[in-house]
Amino acid sequence: MLLLNVKAVLDRDKAILGRDQVVLDGNTDIKEGCTSRFRVLEERDDATTAYAILSHRWQHEVDYSEMVDLMEMAEEKRKVVRQRNGYQKILASCERAERDRIEWLWVDTCCIDKRSSSELSEAINSMYRWYENSTKCYAYLHDVGSPTFPTEPNPEQFSKFKGWPEWFSRGWTLQELIAPRDVQFFNNRWAPIGNKRDLADTLEEITHISKDILISGLDSGVRSAAQIMSWAADRETTRVEDRAYSLLGLFGVHMPMLYGEGRSAFQRLQLEIIRLSNDHSIFAWDPQGRIRRSGSILADDPSYFRDCDSIWSVEPEWFVQRLKSHKQYPGVTRTTIAPANLTRFAALTVRRRTIVKELSTCSIVSGGLQISLPIVPYPTGSLLLFRATLGCVASLVGPLMTIDLVFDSAQYYRFFGATEQLTTTFPLVRQLFLSYYQDDSRHNLRLDDRTVSFYGFTRCGTFPRNIVGDFVKLSLTNDMIVVIYANGEARVRFAVGFGYCFGRAWTHIICDESYSQATSWSSYAKRRCYYLYQFRHRKLYQACSPPAIDLGREARVGHLVQGKLQYYR
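Reading the values: rules and limits
Numbering of residues begins from 1 in every chain and follows the order in which that chain's sequence is written. Only residues with pLDDT of at least 70 get local features here, since the model is predicted, and only at 80 or more are side-chain atom pairs given and counted; chain-wide, interface and lining totals rely on the full set of residues. Hydrogen atoms and water are omitted, and side-chain values are computed over all heavy atoms in the structure. Here a strand is any run of E in DSSP of at least two residues, a helix any run of H or I of at least four, and the numbering for each starts at the N terminus. Throughout this description, buried means an accessible area under 20% of the type-specific maximum (1.4 Å probe, protein chains only), exposed means over 50%, and partly exposed covers the range between. Contact criterion: two residues are considered in contact whenever any of their non-hydrogen atoms come within 4.5 Å of each other. To measure how exposed things are, a 1.4 Å probe is used in the Shrake-Rupley method; for residues, cover is taken only from the protein chains shown. Paired strands are those between which DSSP finds at least two bridges. Here an angle of 0 to 180 degrees is reported between the N-to-C directions of two axes, which are lines fitted to C-alpha atoms, with helices fitted over the stretch in contact. Throughout, nonpolar core names a set of buried Ala, Val, Leu, Ile, Met, Phe, Trp, Tyr and Cys residues whose side chains join them through atoms within 4.5 Å. Small angles under 35 degrees read as roughly parallel and large ones over 145 as roughly antiparallel, with 65 to 115 read as roughly perpendicular and the rest as oblique. Take the far helix as the reference: if the near one is turned anticlockwise from it by less than a right angle, the crossing is left-handed, and if turned clockwise, right-handed. By the convention adopted, Pro, Cys, Tyr, Trp, Phe, Met, Ile, Leu, Val and Ala count as nonpolar, Lys, Arg, Asp and Glu as charged, and the other residues, Gly among them, as polar. Here the expected length of a helix is defined as 1.5 Å per residue gap, with one fewer gap than residues. Pairing of N or O atoms within 3.5 Å defines a polar contact, subject to two protein rules: one partner must be a possible hydrogen donor and the other a possible acceptor, and residues neighboring in sequence count only if both atoms are side-chain atoms. Within the patch definition used here, like charges are joined within 9 Å and nonpolar side chains (Val, Leu, Ile, Met, Phe, Trp, Tyr) within 5 Å, considering only residues with over 30% relative accessible area and no salt bridge. The salt bridge definition used is simple: a Lys or Arg side-chain nitrogen within 4 Å of an Asp or Glu carboxyl oxygen. A residue's pLDDT is simply how confident the predictor is in it, with values from 0 to 100.

Participant: Would you mind going over the overall build of the chain in detail, with residue names and values included?
Facilitator: A tally of helices and strands in the chain yields 17 helices and 21 strands. Expressed as a percentage of its 569 residues, the buried residues of the chain come to 53%. Of the contacts made within the chain by residues no fewer than 6 positions apart, 67% connect residues no fewer than 24 positions apart. Just so you have it, the chain exposes about 26,400 Å², and 48% of that area is on carbon and sulfur atoms.

This is how it looks when you write it as structure tokens:
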């Protein structure tokens, strides 16, 4: 790794200021021969070198070439670089390291030549180890001016992250907090305000990372992959790819950097985690149904794991035992095993070793995962909708966690919105193809509502998002929209919901005979959106096609939508 020579950095800055008389090959011109005299960056072995490391929120920084070529610059340009807060952070870190009798320092802004993609990729894949091997980590909190570490949230002072310093909102600082043994915190004047061990209680409140992990590292109590993801749920990065790259070390994952790939980076991270472990918690994202994104079995970004801090991953042996000991499928309506299910229940005992082996394997193939999971179908016409049990629990005394899956075109997708109650059918362990392909292709529809004005109706608005003009763009992540029309004189209004989901288009109309003007159209739209959300999931996955509705008195709005849409009851 490239490290800053603390003494060389400080001596060079003194030479620039003229505070010391430095003779360079018999010439007092500080530009001559300075490269050999002030060799500020050197390659060292992180395993055998004692070095300090800086953790900070990026501001106006100094990069590799500027740090190396500082003495060769024109005086005016050099003055500008030295006045940056990034350069001042480097100097202050070097001064701190010198006081701590540490000869070497690593700073991410200037110790990586980011012009080289291979060097950048190597650095990102090694970064967790570099922080872990550091003698000390200096965490600089640029927005803390007080002489003590904040112990309570202060939204007025720290508005960017729930009332805490901005350092805690950044994606990269997560590993920089966990990996080093010794993290020293400094305020904006570089006065020490505490260390990780002494501040463990406060840090646990801020980050939701247990004290044991903060003090002793990941080996002291990580419960699951989902738990680690939850720590990053509210953190931000400048580049969307860095939301994934900043987590590599926490999972012990190595993969190439492909800036420009966008959210695909987080998908690749999850696939690498699956290759290394049999942790089903990676599929347990959005357990509270806050996001409700159907489609790919993989999450789009760490925010999907926001409620996953308490999830424990379980071993396949314990997984099978837990299925048997409960004698029921989580969420079923009765607590006893029906005679028809005794065979399935007995199979858990007779085929125990085989089932454990099946539950222990997961193969990554093009576009999906081959994995065995216990599943049970939903009843009455929902033959394509299933509930699958995962090898993880939300608490050690709670039931095994479950997710809903929908079968479409020989693949299973993550699904939200099931409204029916499960039967007492005992689950069967089946091999499934779980798709991680997220269809973000857009489907354009044109809304032609010119005829509604003839009947005294006007368009009030759309929910949950606005549309521009008469064109609506639908995709798997933006798959439904509700348009509200009202006749104020007659005090009648109706909602038209339409969308696109898993390759199928749909539309539905709800007509209110009368309404109170005290109820805003937006409130009405939210209620109707919830109803239509349930309608969509109930109708699109029935085994047989529902009959078309006789629109009757509502037929006049049948010309509202032009496109390949069907009306359903």
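So much for the structure itself; the text now carries on.
Participant: Help me get a handle on the pairing of strand β17 (residues 471-474), residues and values and all.
Facilitator: Side-chain alternation along β17 places V472 and L474 on a buried face and F471 and K473 on a face that remains uncovered. Across four bridges, the pairing between strand β15 (residues 443-447) and β17 is antiparallel. Bridged to L445 within β17 is V472.

Participant: Give a detailed account of the sheet that holds strand β4 (residues 104-106), specifying residues and quantitative values.
Facilitator: Judged by pairing direction, the sheet is mixed, and its seven strands sit side by side in the order β2-β1-β4-β3-β5-β6-β7 without closing on themselves. The outermost strands of the open sheet, each flanked by one partner alone, are β2 (41-43) and β7 (192-195). Taken over all neighbouring pairs, the strand axes of this sheet differ in orientation by 35° on average, direction set aside. Running over the sheet, helix α1 (residues 6-17) touches β1 (2-5) and β4 and is turned about 50° from β1.

Participant: Explain the nonpolar core to me, using residue names and the numbers behind them.
Facilitator: Counting residues in each nonpolar core, the largest one holds 121 residues, and the members touching the most others are L4, W106, F185, L269, F283 and F305. Ranked by residue count, the leading element in this core is helix α6 (residues 117-133), at seven residues. Every residue in contact with L269, bar those within four places of it in the chain, is listed here: M229, A244, L247, L248, V253 and M255. L447, L474, V483 and I509 belong to the second largest nonpolar core, which has 16 residues in total.

Participant: Which residues make up the packing of α1 against helix α5 (residues 85-99), and what values go with them?
Facilitator: Two elements in contact, α1 and α5, have axes whose closest approach is 9 Å; the angle formed by their N-to-C orientations is 125°. Between α1 and α5, the angle falls in the class oblique. For α1 against α5, the interelement crossing comes out left-handed. Together, V6, V9, L10 and D13 of α1 and Y87, I90, L91, C94, E95, A97 and E98 of α5 make up the contact between the two elements. Of the residues contributing to the contact of α1 with α5, the split by class is eight nonpolar, no polar and three charged.

Participant: Tell me about the environment of C137, and name the residues and values.
Facilitator: Structurally, C137 is set in strand β5 (residues 136-140). Separated by 40 residues in the primary sequence, C137 and A97 place their C-alpha atoms 9.9 Å from one another. Discounting chain neighbours no more than four positions away, the residues touching C137 are I53, S55, Y131, E176, P180, D182, V183 and Q184.

Participant: Can you tell me about helix α13 (residues 264-276), naming the residues and giving the values?
Facilitator: In this model α13 runs 19 Å from its N-terminal to its C-terminal C-alpha over 13 residues, within 8% of the 18 Å that 1.5 Å per residue would give. Those residues of α13 that are buried lie in contact with α10 (225-231), α11 (242-245), α12 (248-251), β9 (362-365) and β10 (368-377).

Participant: Lay out the side chain of T462 in plain terms, naming residues and giving numbers.
Facilitator: Inspection of the secondary structure assignment puts T462 in strand β16 (residues 458-463). T462 gets classed as buried once you look at its relative accessible area, which sits at 8%. Look past the residues within four positions of T462 in its chain and what remains in contact with it is I467, I481, V482, V483 and W521.

Participant: I'd like a rundown of the side chain of T207, residues and numbers included.
Facilitator: Relative to the helices and strands, T207 resides in helix α8 (residues 200-207). From its side chain, T207 meets the backbone oxygen of L203 in a polar contact 2.7 Å long.

Participant: For a nonpolar patch on the surface, give the residues involved together with the corresponding values.
Facilitator: On the surface, W312, L396 and V397 cluster together into a nonpolar patch covering about 320 Å² of accessible area. Residue placement: W312 occurs in strand β8 (residues 312-313). For W312, a relative accessible area of 30% gives the class partly exposed.

Participant: I'd like a description of unusual backbone geometry, backed by residues and values.
Facilitator: A cis amide bond links F463 to the next residue, P464, at an omega of 10°. Position of P464 among the secondary structure elements: in the loop between β16 and β17. Positive phi values are uncommon outside glycine, yet K162 reaches one of about 55°. Relative to the assigned elements, K162 resides in the loop between β5 and α7 (173-178). For R292, which is not a glycine, the phi torsion comes out positive at approximately 55°. Relative to the elements of secondary structure, R292 occurs in the loop between α13 and β8. Given a relative accessible area of 35%, R292 falls into the partly exposed group.

Participant: Requested: an account of the pattern of salt bridges, with residues and values cited.
Facilitator: In the structure shown here, the tally under the stated rule is 24 salt bridges. Close ionic contact of R239 with E241 constitutes a salt bridge, the shortest N to O distance being 3.7 Å. The buried category is assigned to E241, whose relative accessible area is 4%. In this structure, D404 and R387 form a salt bridge, with 2.9 Å as the shortest nitrogen-oxygen distance. Residue D404 is found in strand β12 (residues 400-408), and its partner R387 is found in strand β11 (residues 385-393); the two are separated by 17 residues along the sequence.

Participant: Quick one: what's the story with the environment of P316, residue by residue and with numbers?
Facilitator: The topology assignment puts P316 in helix α14 (residues 316-326). Judged by its relative accessible area of 11%, P316 is buried. For the pair P316 and S360, spaced 44 residues apart in sequence, the C-alpha to C-alpha distance is 6.1 Å. Not counting residues up to four positions away in its chain, the partners in contact with P316 are N278, V356, L359 and S360.

Participant: Now, about the confidence of the model for the chain: what can you tell me, with residues and values included?
Facilitator: Residue-level pLDDT values for the chain average 83, and 82% of them are 70 or greater. Note on residues 327-335: pLDDT under 50 across the span, and 33 contacts to partners over four residues away in sequence or across chains. Contacts for the low-pLDDT stretch residues 541-569, under 50 throughout, to residues beyond four places or in other chains number 63 contacts.

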